[in-house]
Amino acid sequence: MPDRAVDVLSVVLVLGGAFFYLAGSVGLLRFPDVYTRLHALTKADNLGLGLVTLGLMLRADVGGAVRLAATWILVLASSAAVCHAVARAALGHRLEPWKRP
Amino acid sequence: MTPAFDAVLAGLLLWLAWGALRGRDLFRSIVHFIALGLLMGLAWARLRAPDIALAEMAVGAGVTGALLLVARARMEGGVAVREPAAARLLPGLVCVALFAVLAWAVLALPEGEGLRPLVAARLPESGVSNPVTAVLLNFRSYDTMLELAVLLAAAVAVFSFGKAAPFPGPPGPLLGAFPALLVPVMVLGAGYFLWRGAAHPGGAFQAGAVLGGAGVLWILLKGTASRAFMNRPLLAAGPLVFAAVGLGAAALGGRFLEYPAGWSGPLILAIEAAAALSIGAVLAVMFAGGRPRRDLP
């Protein structure tokens, strides 16, 4: 029984992660300017990756779980840095943030 | 489920390749190319070749993408020149003919296990238990040594372009501190790949690709083309150690590159370590685009 519950929980977590990825992609397509799109991409995709990683960690052994968690942390760090760099570059090109008309 | 996944993957690969070739906007083409490299790595993983998948994602998508973006930034205007349709017809026909020949060659392969049973039979004597590493570093080590020499020649060619142009440097204090955070982790990761290559997917090329990525990060975010990791000793270490081991084996009475019995494992690790350093240095030199400068730190 505990095996079955762990299986179900892991599937639920991975599906939740997939939902957040979908939300991030919708944000990428629908948001009006680069800053809001960056916001959608980094926040939603990192949360989605966290949920997927959590779901996969339930199925892995200890070594694999540690490596999965390390991968998530590294992706967080690098995507934060890339988001910062893109936003700075956009400001450098004097792209004004979108304002509600 | 898996045929549907494979069909979607193949369709995406074709769509991304088309997008990379359309040439409407150079930046779009490069982004499509990077995504293509990523999905190609996924395709290799589906073909149960994780070593190639790792190398494809790190070098084909990662470092090559960085090189293309730097090249585009240095072009004037960054606009691709459109040739007339007639001039593009002949290369297109050549590509179609090449694809037809390759497809015929793959479909005409005889059924069977190929070389896998041969490698599996001799694996215990090779000193490692990952068949890819055994083939690369033991059974066909001569080819790998020459590949490393080719990389060294490429680095020499890039040196001939002159001094590396300075990069603009960190766009702010946050990003200036970022390499100090991430490069040690990447060096650790490279050592991890190197060590695991003996029994699991990994090895010298994957470790070298991660080191190359660390070098690219350093150059990009610190703004310097430093001689600390792009100097001649590091570049030459891989081919030099390989040739030294080969000649040493010949001097001890065997043939060239015939490892002495029982020493295969440690020798392979030593060669892979030197090769990983060289590969990382070569990739960093390619990104820097010239000789490292003496006047910058």
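Note that this is a predicted model, so its numbers are computed, not measured.

Peer 1: Pulling in residues and values, what's your account of the overall build of chain B?
Peer 2: When helices and strands are counted, chain B shows eleven helices and zero strands. Relative to its length of 297 residues, chain B is compact, with a C-alpha radius of gyration of 21 Å against a globular reference of 19 Å. C-alpha extents for chain B along the principal axes are approximately 60 × 55 × 35 Å. By residue count, 36% of the 297 residues in chain B fall in the buried class. Taking as baseline every contact in chain B between residues at least 6 positions apart, the subset at least 24 positions apart corresponds to 74%.

Peer 1: Residues and numbers for the overall build of chain A, please.
Peer 2: Each helix and strand counted, chain A has three helices and zero strands in total. Tracing chain A from N to C terminus, the helices and strands come up as α-α-α. Expected size for 101 residues packed as a compact globule is a radius of gyration near 13 Å; at 17 Å, chain A overshoots this value by more than 25%. Counting only C-alpha atoms and orienting by the principal axes, one finds that chain A spans roughly 55 × 25 × 15 Å. Across chain A, the fraction of contacts at a sequence separation of at least 24, relative to all contacts at a separation of at least 6, is 70%. Surface summary for chain A: the accessible area is close to 6900 Å², and the carbon and sulfur share equals 72%. The positive charge centre, built from 10 side chains, and the negative charge centre, built from 6, are 11 Å apart in chain A.

Peer 1: Summarise the nonpolar core; cite the residues concerned and give the values.
Peer 2: All names here are of chain B. Counting 18 residues, the largest nonpolar core has Leu 137, Leu 148, Phe 242, Val 245, Tyr 259, Ile 268 and Ile 271 as the members making the most contacts within it. Contributions of two or more residues to this core are made by α6 (131–139), α7 (141–159), α10 (232–251) and α11 (264–288). Here the element with the most residues in this core is α11; it accounts for six residues. Ala 66, Val 70, Ala 281 and Val 282 belong to the second largest nonpolar core, which has 17 residues in total.

Peer 1: Could you give me a rundown of the interface of chain B and chain A, with the residues and numbers involved?
Peer 2: Across the boundary between the two partners, chain B contributes nine residues, which contact eight residues of chain A. For the chain B and chain A pair, buried surface summed over both sides reaches about 670 Å², with 75% attributable to carbon and sulfur atoms. The three residues of chain B that bury the most area against chain A are Pro 171, Leu 175 and Phe 178 of chain B, which together make up 48% of that side's buried surface. Linking chain B to chain A there are zero salt bridges. Along the contact surface separating chain B from chain A lie one residue pair in polar contact (both at pLDDT 80 or more). In the side of chain B that touches chain A, the residues fall into seven nonpolar, one polar and one charged.

Peer 1: Kindly report on the pattern of salt bridges, identifying the contributing residues and their values.
Peer 2: With the rule as written, the count across this model stands at six salt bridges over all chains. Ionic pairing is found between Arg 140 of chain B and Asp 143 of chain B, a salt bridge with its closest N-O pair at 2.9 Å.

Peer 1: Any details on α11 of chain B? Residues and values, ideally.
Peer 2: Residues and elements named next belong to chain B. For α11, which comprises 25 residues, the first-to-last C-alpha distance of 36 Å matches the rise-based estimate of 36 Å (1.5 Å per residue) to within 8%. With respect to burial, α11 is a largely interior element, 18 of its 25 residues being buried. Count one or two residues on from α11 and you reach Gly 289, which has phi positive near 80 degrees.

Peer 1: An account of the packing of α10 of chain B against α11 of chain B is needed here, citing residue identities and associated values.
Peer 2: Residues and elements named next belong to chain B. The N-to-C vectors of α10 and α11 enclose an angle of 150 degrees; their axes lie 6 Å apart at closest approach. Between α10 and α11, the interaxial angle falls into the category roughly antiparallel. In this structure, the crossing between α10 and α11 has a hand that is left-handed. Together, Leu 234, Leu 235, Ala 236, Ala 237, Gly 238, Pro 239, Val 241, Phe 242 and Val 245 of α10 and Leu 267, Ala 270, Ile 271, Ala 274, Ala 275, Leu 277, Ser 278, Ala 281, Val 282 and Val 285 of α11 make up the contact between the two elements. Class assignment of the residues belonging to the contact of α10 with α11 gives a composition of 17 nonpolar, two polar and no charged.

Peer 1: Which residues make up unusual backbone geometry, and what are the values?
Peer 2: Residue and element names in this part refer to chain B. In this model, Arg 48 sits at a positive phi of 60 degrees, which is unusual for a non-glycine residue. With respect to the helices and strands, Arg 48 occurs in the loop between α2 (26–46) and α3 (50–74). Even without being glycine, Leu 257 reaches a positive phi, approximately 65 degrees. Considering the arrangement of structural elements, one finds Leu 257 in the loop between α10 and α11. For Leu 257, a relative accessible area of 8% translates into the label buried.

Peer 1: Describe the layout of surface pockets, naming the residues involved and giving the relevant values.
Peer 2: All names here are of chain B. Taken as a whole, the second largest pocket holds about 1200 Å³ of empty space. Secondary-structure elements contributing two or more residues to the lining of the second largest pocket are α2, α3, α5 (116–122), α6, α9 (204–222) and α11. Of all the elements, α6 adds the most residues to the lining of the second largest pocket, at seven residues. Broken down by class, the residue content of the lining of the second largest pocket amounts to 26 nonpolar, seven polar and nine charged.

Peer 1: Would you mind going over the packing of α6 of chain B against α11 of chain B in detail, with residue names and values included?
Peer 2: In a packed pair of helices, the relevant descriptors are the angle between the two axes and the axis-to-axis distance. Residues and elements named next belong to chain B. For the pair α6 and α11, interaxial distance at closest approach is 11 Å and the crossing angle is 85 degrees. In terms of orientation, α6 lies roughly perpendicular with respect to α11. Contacts from Thr 133, Leu 137 and Asn 138 of α6 reach α11 at Ser 264, Ile 268, Ile 271 and Glu 272. A class-by-class count of the residues in the contact of α6 with α11 yields three nonpolar, three polar and one charged.

Here is what the cut-offs are and how they apply
- Residues numbered from 1 in each chain as written.
- Chains lettered and ligands numbered in written order.
- Predicted model: local features only at pLDDT ≥ 70, side-chain atom pairs only at ≥ 80, totals over all residues.
- Heavy atoms only, no water.
- Helix = DSSP H or I, 4+ residues; strand = E, 2+ residues; numbered from the N terminus.
- Rg over C-alpha atoms; globule rule 2.2 N^0.38 Å.
- Buried < 20%, exposed > 50% of the residue type's maximum accessible area, 1.4 Å probe, protein only.
- Contact = heavy atoms within 4.5 Å.
- Areas by Shrake-Rupley, 256 points an atom, 1.4 Å probe, with all protein chains shown as cover.
- Lys, Arg positive; Asp, Glu negative; His and termini not counted.
- Charge placed at Lys NZ, Arg CZ, Asp CG, Glu CD.
- Core = buried A, V, L, I, M, F, W, Y, C linked by side-chain atoms within 4.5 Å.
- Buried area = accessible area lost by both parts, 1.4 Å probe.
- Salt bridge = Lys/Arg side-chain N within 4 Å of Asp/Glu carboxyl O.
- Polar contact = N/O pair within 3.5 Å; in protein donor to acceptor, adjacent residues only side chain to side chain.
- Nonpolar A, V, L, I, M, F, W, Y, C, P; charged D, E, K, R; others polar.
- Expected span 1.5 Å × (residues − 1).
- Axes fitted to C-alpha atoms, helices over the stretch in contact; angles between N-to-C directions.
- Parallel < 35°, antiparallel > 145°, perpendicular 65-115°, else oblique.
- Left-handed = near helix turned anticlockwise from the far one by under 90°.
- 1 Å grid on protein atoms, 1.4 Å probe; cavity = no way out; pocket = protein on both sides within 12 Å on 5 of 7 lines; lining within 4 Å.
- Points joined across faces, edges and corners; volume = space filled by probe spheres on them.

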